Amino acid sequence: QVQLVESGGGLVQPGESLRLSCVVSGRFSIVNVVRWYRQAPGNQRESVASLTRVGATTYANSVNGRFDISRDNAKNTVHLQMDNLKPEDTAVYYCNVFGRRAGSDVFEDFWGQGTQVTVSS
């Protein structure tokens, strides 16, 4: 019923930018939080950006000031604008939605397949 598909990853040099997209299919009665996570080999998965249903945003200290999370409700799409990328940003980035599907009374986590971001000179 619900599917999240990330895109926009790739290989860039330090200081360059990328814009990730997450297209969400399926109907929701409520979306509480949308988040972008990332995970590098050997590292814990970490939340780098979140966006609540009322529009509040939070960012990890490591990306604060460089990343921006946004949504386009008309296109059912969540974006992560990443500026001034650094080698330590290299990871697989995942889109996550915590909410309730239409017709359901259960809140669930929904995940995309991930998109690779590599920052290297």
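What counts, and at which threshold
- Residues numbered from 1 in each chain as written.
- Predicted model: local features only at pLDDT ≥ 70, side-chain atom pairs only at ≥ 80, totals over all residues.
- Heavy atoms only, no water.
- Pairing = 2+ DSSP bridges.
- Helix = DSSP H or I, 4+ residues; strand = E, 2+ residues; numbered from the N terminus.
- Axes fitted to C-alpha atoms, helices over the stretch in contact; angles between N-to-C directions.
- Contact = heavy atoms within 4.5 Å.
- Phe/Tyr/Trp six-rings, centres within 6.5 Å; stacked < 30°, edge-to-face > 60°.
- Buried < 20%, exposed > 50% of the residue type's maximum accessible area, 1.4 Å probe, protein only.
- Lys NZ or Arg CZ within 6 Å of the ring centre and 35° of its normal.
- Disulfide = S-S within 2.5 Å.

**A few points about the sheet that holds strand β8 (residues 77–82)**
Move 1: One open sheet holds the four strands; their spatial order is β1-β3-β8-β7, and the pairing between them is antiparallel. The outermost strands of the open sheet, each flanked by one partner alone, are β1 (3–7) and β7 (67–72). In this sheet, neighbouring strand axes are inclined to one another by 15° on average, regardless of whether the strands run parallel or antiparallel.
Move 2: Taken together, the six bridges between strand β3 (residues 18–25) and β8 define a ladder with antiparallel strand orientation. Note that in β8 the partner of L18 across the bridge is M82.

**As for the environment of Q1**
Move 1: Structurally, Q1 can be placed in the segment before β1.
Move 2: In contact with Q1, not counting residues within four places along its chain, are S25, G26 and R101.

**A short note on the packing of aromatic side chains**
Move 1: Considering all chains together, one arrives at three aromatic pairs under this definition.
Move 2: Taking 5.4 Å as the distance between ring centres and 85° as the angle between the ring planes, the aromatic pair formed by F28 and F110 counts as edge-to-face. Placement of the pair is F28 in strand β4 (residues 28–39) and F110 in strand β10 (residues 107–111), with a sequence separation of 82 residues.
Move 3: Aromatic pair F98 and F107: ring centres 5.9 Å apart, planes at 25°, arrangement stacked.
Move 4: Relative accessible area serves as the criterion here: at 27%, F98 is assigned to the partly exposed category.
Move 5: Accessibility expressed as a relative area gives 34% for F107, which makes it partly exposed.
Move 6: Looking at R45, its charged tip hangs above the ring of Y37, at a distance of 5.1 Å from the centre.

**Here we look at the state of the cysteines**
Move 1: Scanning the entire structure with this criterion turns up one disulfide.
Move 2: Covalent S-S linkage joins C22 and C95, the inter-sulfur distance amounting to 2.3 Å. Taking the torsion about the S-S bond as the criterion, the C22 to C95 disulfide, at about -85°, is left-handed. Highlighted residues: C22 in strand β3 and C95 in strand β9 (residues 91–101), separated in sequence by 73 residues.

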